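Descriptive analysis of the structure
Next come the chains, spelled out residue by residue.
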Amino acid sequence: MVKVFALSLNFNSLWYSLMKKIESIKEFGGWLNRYEHQSESCHCMMTFSVYLPPQAETENVPAVYWLSGLTCTDDNVRTKAGAQRYAAELGLALIMPDTSPRGDDVADDTERYDLGKGAGFYVNATQSPWSDHYHMYDYITQELPELVESEFPVVKGIRSITGHSMGGHGALICALKNSGMYRSVSAFAPICNPMHCGWGQGCFSNYLGSDTDSWKLYDATELVKAGAKPIPMLIDHGTGDEFLAEQLFPQHLQKACDEASFPISIRMQEDYDHSYHFIATFIGEHLQFHSAHLKE
């Protein structure tokens, strides 16, 4: 089925997008659906998945957005995390977008896994050639919620956000930059201070240029230092994570939060790694955390 709908009115021109359902699977009494649509933000075809719990058959439900990590698509979380079971029990919709723009004309670095396709880093790129398509921040915070809340049985304006690794970074900055947009935020092994790690520096220098002040606008630790308003926040890291010491820096975020009297819960889970085994172990607790805040 193809739906045609208006996205926005811009300088008296009506923007349209085609949203096409490309997959539908029944799970835990609800439906896991996958869609393609032409993105106004990223200027390419984007893919996202939605899990609608059984409660969505009779009422609008709150939504939790999941942002995936480097090299991933929407498929990783929906097949590996086991989140749909908990979402069905709690009556939550799960919104699972891709990590970057895709397509033959989208800029990429085929020699690197941590730059280009699969590594959108949830920023709005300002540097060529990335600026043509890499506007994942606008896509996640503006275009996708507008589309979801107009087309699916979710409660308008009531949402939370979570994610893993690069997606954990994305979840944190989206929440910290947009006071009131989300009821709560959580993350698994997030990149907490990307200005000070190789992954962040590699992407920021390409997408945003050499002005490091612009990098601070997409760094959770720097946003807390700059006075971001508190939001319920839960973060899990595994002590066995191979990237913990060199890429993630939760201690930097903890220090910034302590100095700003910003409430935060960072849990160090003994021996867990960076994988979806770690995520699957604690995803139920994270969704319960969000459910409590979404249903206040």
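Residues numbered from 1 in each chain as written. Predicted model: local features only at pLDDT ≥ 70, side-chain atom pairs only at ≥ 80, totals over all residues. Heavy atoms only, no water.

Here we look at the side chain of serine 41
Selection criterion: By the criteria applied, helices consist of DSSP H or I runs no shorter than four residues and strands consist of E runs no shorter than two, each listed in order from the N terminus. Here a polar contact is recorded for every N or O atom pair within 3.5 Å, except that within protein the pair must consist of a potential hydrogen donor and a potential acceptor, and residues adjacent in sequence are included only if both atoms are side-chain atoms. Two residues form a contact once any of their heavy atoms are found within 4.5 Å.
As for its position among the elements, serine 41 is in the loop between strand E3 (30-39) and strand E4 (44-52). Polar side-chain contacts of serine 41 include one of 2.7 Å to the side chain of glutamate 143. With sequence-adjacent residues up to four places away left out, serine 41 is seen in contact with His133, His135, Asp138, Tyr139 and Glu143.

Focus: unusual backbone geometry
Each neighbour pair has its own omega, and for serine 128 with proline 129 the value is 0°, a cis peptide bond. Looking at the element boundaries, proline 129 is found in the loop between strand E6 (93-97) and helix H3 (136-151). Even without being a glycine, threonine 71 presents a positive backbone phi close to 75°.

Some words on the pattern of salt bridges
The line we're drawing: By salt bridge we mean one thing: a side-chain nitrogen of Lys or Arg within 4 Å of a carboxyl oxygen of Asp or Glu. The rule is simple: take the accessible area with a 1.4 Å probe, protein chains only, and divide by the maximum for that residue type; under 20% is buried, over 50% is exposed, in between is partly exposed.
All chains considered together, the criterion is met by twelve salt bridges. Glutamate 149 is the salt-bridge partner of arginine 159, the closest N and O atoms lying 2.6 Å from each other. On the criterion of sequence distance, the pair formed by arginine 159 in strand E7 (residues 154-163) and glutamate 149 in helix H3 is long-range, its members being ten residues apart. Both residues of the pair, arginine 159 and glutamate 149, count as buried. For aspartate 236, the salt bridge goes to arginine 267, with nearest N and O atoms at 2.7 Å. Taken together, the residues aspartate 236 in strand E9 (residues 233-238) and arginine 267 in strand E10 (residues 265-269) connect sequence positions 31 residues apart. The class of aspartate 236 is buried, set by a relative accessible area of 0%. Each of Glu23, Asp75 and Arg78 takes part in one network of salt bridges that share partners.

Some points on the confidence of the model for the protein chain
To be explicit about the condition: A residue's pLDDT is the predictor's confidence in that residue, given on a scale from 0 to 100.
Across the protein chain, the average pLDDT comes to 94, with 94% of residues at or above 70. Under a pLDDT of 50 for its full length, residues 1-16 has, in the predicted model, 35 contacts with residues more than four places off or in other chains.

Some remarks on the environment of glutamate 143
If you trace the backbone, glutamate 143 turns up in helix H3. A C-alpha to C-alpha distance of 13 Å links glutamate 143 and isoleucine 95, two positions 48 residues apart in sequence.

A short note on helix H5 (residues 198-207)
Taken together, the buried positions of H5 are occupied by Trp199, Gly200, Gly202, Cys203, Phe204 and Tyr207. The secondary structure elements touched by the buried residues of H5 are helix H4 (166-177), helix H6 (212-215) and helix H8 (244-248). Positioned one or two residues after H5, glycine 209 has a phi angle of 90°, which is positive.

As for the pairing of E6
Cut-off, in case you're wondering: In short, DSSP must find at least two bridges between two strands for them to pair.
Most of E6 sits inside the fold, with five of its five residues counted as buried. Residues of E6 alternate between two faces, with Ala93, Ile95 and Pro97 on one and Leu94 and Met96 on the opposite face, all of them buried. Summarising the sheet, E4 and E6 pair through four bridges and their orientation is antiparallel. Its bridge partner being in E6, phenylalanine 48 is matched across the sheet by proline 97. Bridging between strand E5 (residues 61-67) and E6 involves three bridges; their strand directions are parallel. Counted as the bridge partner of valine 64 is leucine 94 from E6.

Structural notes on the nonpolar core
As a reminder, the rule being used: Only buried residues count toward a nonpolar core, which is a set of Ala, Val, Leu, Ile, Met, Phe, Trp, Tyr and Cys residues joined through side-chain atoms within 4.5 Å.
Core analysis: the largest hydrophobic core is formed by 97 residues, its most contacted members being Phe152, Ile161 and Tyr207. With sequence-adjacent residues up to four places away left out, tyrosine 207 is seen in contact with Leu115, Gly116, Ala119, Gly120, Phe121, Val123, Ala125, Thr126, Gln127, Trp130 and Tyr134.

Looking at the packing of aromatic side chains
Given two aromatic rings, one states the distance between the centres and the angle between the planes to describe the pair. Going by this rule: Here a pair means two rings of Phe, Tyr or Trp (six-membered ring of Trp) with centres within 6.5 Å. Their orientation is stacked below 30 degrees between planes, edge-to-face above 60, and tilted elsewhere. Charge over a ring is defined by NZ of Lys or CZ of Arg lying within 6 Å of the ring centre and within 35 degrees of the ring normal.
Counting across every chain of the model gives 16 aromatic pairs. With a centroid separation of 5.1 Å and an interplanar angle of 75°, the aromatic rings of tyrosine 272 and phenylalanine 282 are classed as edge-to-face. Taken together, the residues span a long stretch of sequence, with tyrosine 272 in the loop between E10 and helix H10 (276-294) and phenylalanine 282 in helix H10 at a distance of ten residues. Relative accessible area serves as the criterion here: at 29%, tyrosine 272 is assigned to the partly exposed category. Residue classification places phenylalanine 282 among the buried positions, given a relative accessible area of 7%. Through successive ring pairs, a cluster of aromatic residues spans Trp66, Phe188, Tyr272, Tyr276, Phe278 and Phe282. The ring of tyrosine 86 carries the charged tip of arginine 85 above its face, separated from the ring centre by 5.5 Å. In this arrangement the basic side chain of lysine 177 is found over the ring face of tyrosine 218, its NZ or CZ atom lying 4.9 Å from the centre.

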